[in-house]
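# Topology and contacts: notes
Chain residues, written in single-letter form:
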Amino acid sequence: MLLNRSERNFPRVIVIGAGFGGVEVARQLKNKEVEVLLIDRNNYHTFQPLMYQVATGTLASDSISFPIRKMFKNQKNFRFRLAEVLHIDAANKVVQTSVADYDYDYLVIATGATSNFFGNKEVEKYALPMKNIVEALNIRSYLLQNLEEAVLRKNASDRERYLNFVVVGGGPTGVELSGAIAEYQQHMLKKDYPELSSYEMKVHLVEGTGKILGALSEKSSRDAERYLQELGVNIVLNTTVNGYDGNTVTLSSGEQIPTKTVIWGAGVMGQMPTGINPELIQRGNRIKIDEQCRVEGENDIYAIGDVSALMTDENPRGLPGVAPVAQQQGKYVANHIVNSLNKQSSENFKYFDKGSMATVGRARAVVDLGNFHMKGFLAWATWMFVHLVSIFGFRNRLVTFVNWTIKFLTKNSGIRLIINKYNRPEPSKPVVPQTEQ
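Because the structure is a prediction, the values reported are computed rather than measured.

Criteria and cut-off values
- In every chain, residue numbers begin from 1 and rise along the written sequence.
- Note on the predicted model: pLDDT of at least 70 is required for a residue's local features to be given, and 80 or more for side-chain atom pairs to be given and counted; whole-chain, interface and lining totals, by contrast, use all residues.
- To obtain the side-chain values, all non-hydrogen atoms of the structure were used and water was disregarded.
- The term salt bridge refers to a pairing of a side-chain nitrogen on Lys or Arg with a carboxyl oxygen on Asp or Glu at a separation within 4 Å.
- A run of DSSP states H or I qualifies as a helix once it reaches four residues; a run of E qualifies as a strand once it reaches two. Both are numbered from the N-terminal end.
- For the exposure calls, accessible area comes from a 1.4 Å probe over protein chains only, and a residue counts as buried if that area is under 20% of its type's maximum, exposed if over 50%, partly exposed in between.
- Domain segmentation is taken from an automatic or database assignment of domains.
- Residue contacts are defined here by distance: any two heavy atoms, one from each residue, within 4.5 Å place the two residues in contact.
- Joining two parts hides part of their accessible area as seen by a 1.4 Å probe, and the buried area is that hidden amount summed over both.
- Distance and chemistry together define a polar contact, namely a pair of N or O atoms within 3.5 Å, with one atom able to donate a hydrogen and the other to accept it when in protein, and with adjacent residues in sequence counting only for side-chain atoms on both sides.
- Residue type decides the class: Asp, Glu, Lys and Arg count as charged, Ala, Val, Leu, Ile, Met, Phe, Trp, Tyr, Cys and Pro as nonpolar, and the leftover types, Gly among them, as polar.
- UniProt positions are given in the numbering used here, feature names are shortened, and annotations may be inferred rather than shown by experiment.
- The criterion for an aromatic pair is that two Phe, Tyr or Trp rings (for Trp, the six-membered ring) have centres within 6.5 Å, with stacked assigned to planes under 30 degrees apart, edge-to-face to planes over 60 apart and tilted to the rest.
- The criterion is that NZ of a Lys, or CZ of an Arg, lies within 6 Å of the ring centre and within 35 degrees of the ring normal, and then a charge sits over that ring.
- Here the rule is simple: two strands pair whenever DSSP picks up at least two bridges between them.
- Lines are fitted to the C-alpha atoms to define the axes, a helix being fitted only along its stretch in contact, and any angle between axes, read from their N-to-C directions, falls within 0 to 180 degrees.
- Our angle categories are set so that under 35 degrees counts as roughly parallel, over 145 as roughly antiparallel, 65 to 115 as roughly perpendicular, and the remainder as oblique.
- Whether a crossing is left-handed or right-handed is set by the direction in which the near helix is turned from the far one by less than a right angle, anticlockwise for left-handed and clockwise for right-handed.

### Description of the pattern of salt bridges
- With the rule as written, the count across this model stands at 16 salt bridges.
- For K93, the salt bridge is made with D300, and the minimal N-O distance between the two is 3.1 Å. On the criterion of sequence distance, the pair formed by K93 in the loop between β6 (85-89) and β7 (94-97) and D300 in the loop between β21 (286-288) and β22 (301-303) is long-range, its members being 207 residues apart.
- Taking the shortest distance from any N to any O, the salt bridge between K121 and E124 comes out at 3.7 Å. With K121 and E124 both in helix α4 (residues 121-126) and three residues apart, this pair spans about one turn of that helix.
- For E124, a relative accessible area of 38% translates into the label partly exposed.
- The structure contains a network of salt bridges with shared partners spanning D223, R226, E230 and R364.

Structure representation (structure tokens):
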């Protein structure tokens, strides 16, 4: 029995997920003759490109988050439900959730992605992912906890694994995290922990291919690598992680790095409720869609963003998992739904690549705009402007700008708080150190 089959005047569009794509669909359907129901396990939207700054203490978590209900307070055809989506019953056009069952006329799956550990259960157990606010706060706490633990160790050999920080994955997330941690080492470690030497703290960036920032140009990759090296980051290319027991990470080269901290940014995989035809699940746990963003074989179910796989001759591996793809797909799907209701046809979706960028630290960034390349301070200023105007809410933009200004002028980020201590699973072979008496 359905718990929520409504007697409504307009068709219902259910959107699962309040990421960039899901929010864009809902916004574009404002004032349209549809009822929009957005379902998410969290009651806030997160600006994920700045998640690493929460993890490294530059920004507070509420600076990059915004309440969903407040975001849509002026949209009369919008409703929100805080729930976990359990199953999609496509035959009966019903979404089953933890709070009720909801029927739909159109369904948009925008559930995003989670970390992909490629089947390595040991690494998954001990490494730190960063795909949501809670995980970012866990990283912030754990980085500081390990520094506090290092202070208690008498011998440099005992401190080593607490002061080695390994970031896996040389994409924008890994590069930006490595740069931020290295800047802390250079500018703040000695001030906060006079007992420690900045030379003892080391940041390692491990990348499985031959270059970092593989999606950007060769110039951007080279410039970013040089910036990281200037910050003291040890870049390890053409190398993957074979294992991590909580105390030592083992690389494919045979090298072992003693460390308590491995941050995982090496891969993502789509996350979705059950009910999708298994034959449509592609590489990376993504749903195969047609060129109008519909789940193959379905006329009223769409998938967008990181959970979708749109394979074409131009993009045989699908579109990149970046916010502009999700946003453009969200806008397209909203228009497609309206056209469908009006019995009008729609052109196929085409992604317009506006460019790519990444920051490596203070006044260090790279930007690719077509064939035009920028680096250094100008690229950094461009990166800051683009991200600042993209954050939702005036208050969030203002707080972020103030924090960035203070950090630029003082080389100091102030949110170094352990609010909730992160309790990582204990290694199977713990190391017994000598501590202060």
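### Remarks on the domain arrangement of the protein
- Split into domains, the protein comes out as domain 1 (12-41 + 83-115 + 268-342) and domain 2 (121-266).
- Computed over C-alpha atoms, the centres of domain 1 and domain 2 are 34 Å apart.
- The interface is formed by four residues belonging to domain 1 together with four residues belonging to domain 2.
- Both faces combined, the contact of domain 1 with domain 2 buries some 290 Å², and carbon together with sulfur accounts for 56% of it.
- Its largest share of buried area at the contact with domain 2, domain 1 owes to A113, S115 and V268, together 85% of the area lost on that side.
- Our enumeration of links across domain 1 and domain 2 arrives at zero residue pairs in polar contact (both at pLDDT 80 or more).
- Sort the elements by how many residues they give to the side of domain 1 that touches domain 2 and strand β10 (residues 113-115) lands first, with three residues.
- Residue classes in the side of domain 1 that touches domain 2 are distributed as two nonpolar, two polar and no charged.

### Looking at the environment of I109
- When you line up the elements, I109 lands in strand β9 (residues 106-109).
- Separated by 123 residues in sequence, I109 and G232 have C-alpha atoms that sit 42 Å apart.
- With residues up to four places along the chain from it excluded, the contact list for I109 reads I16, I88, I276, I287, I301, Y302, A303, I304 and V307.

### Side note on the UniProt feature "transmembrane region" (unreviewed entry) in the protein
- Following the UniProt record, the feature "transmembrane region" (unreviewed entry) maps to residues 377-394 here.
- Here residues 377-394 runs as 83% helix and 0% strand, with 25 Å between its end C-alpha atoms.

### Some points on the packing of aromatic side chains
- Counting across every chain of the model gives eleven aromatic pairs.
- Between F377 and W380 the ring centres are 5.7 Å apart and the planes differ by 50 degrees, which places this aromatic pair in the tilted class. Here the residue F377 and the residue W380 both occupy positions in helix α11 (residues 376-390), the gap between them amounting to three residues, near one helical turn.
- The class for W380 is buried, based on a relative accessible area of 9%.
- A network of ring pairs unites the aromatic residues F377, W380 and F408 as a single cluster.
- Over the ring of F408 we find R362, and its NZ or CZ is 4.4 Å from the ring centre.

### Looking at the sheet that holds strand β13 (residues 202-206)
- In space, the five strands of this open sheet follow the order β11-β18-β12-β13-β14, with parallel pairing throughout. Each having just a single partner strand, β11 (128-129) and β14 (234-236) make up the two edges of the open sheet.
- Contacts between helix α7 (residues 172-187) and the sheet are confined to β12 (164-168), β13 and β18 (261-264), with β13 contributing the most and set at about 170 degrees to the helix.

### Regarding the packing of α11 against helix α12 (residues 394-410)
- Packing of α11 against α12 leaves a shortest axis separation of 10 Å and a crossing angle of 155 degrees. On the basis of the axis angle, α11 is roughly antiparallel to α12. In terms of crossing hand, the pair formed by α11 and α12 is right-handed. Side by side, α11 and α12 meet where F377, W380, W383, M384, H387, L388 and V389 of the first sit next to R397, T400, F401, W404 and F408 of the second.

### Quick look at unusual backbone geometry
- Residue N31 is not a glycine yet carries a positive backbone phi of 65 degrees.
- Here N31 lies in the loop between α1 (20-28) and β2 (35-40).
- A relative accessible area of 72% places N31 in the exposed class.
- Of note, C293 is a non-glycine position whose phi angle comes to about 65 degrees, a positive value.
- Residue placement: C293 occurs in the loop between β21 and β22.
- Judged by its relative accessible area of 0%, C293 falls in the buried class.

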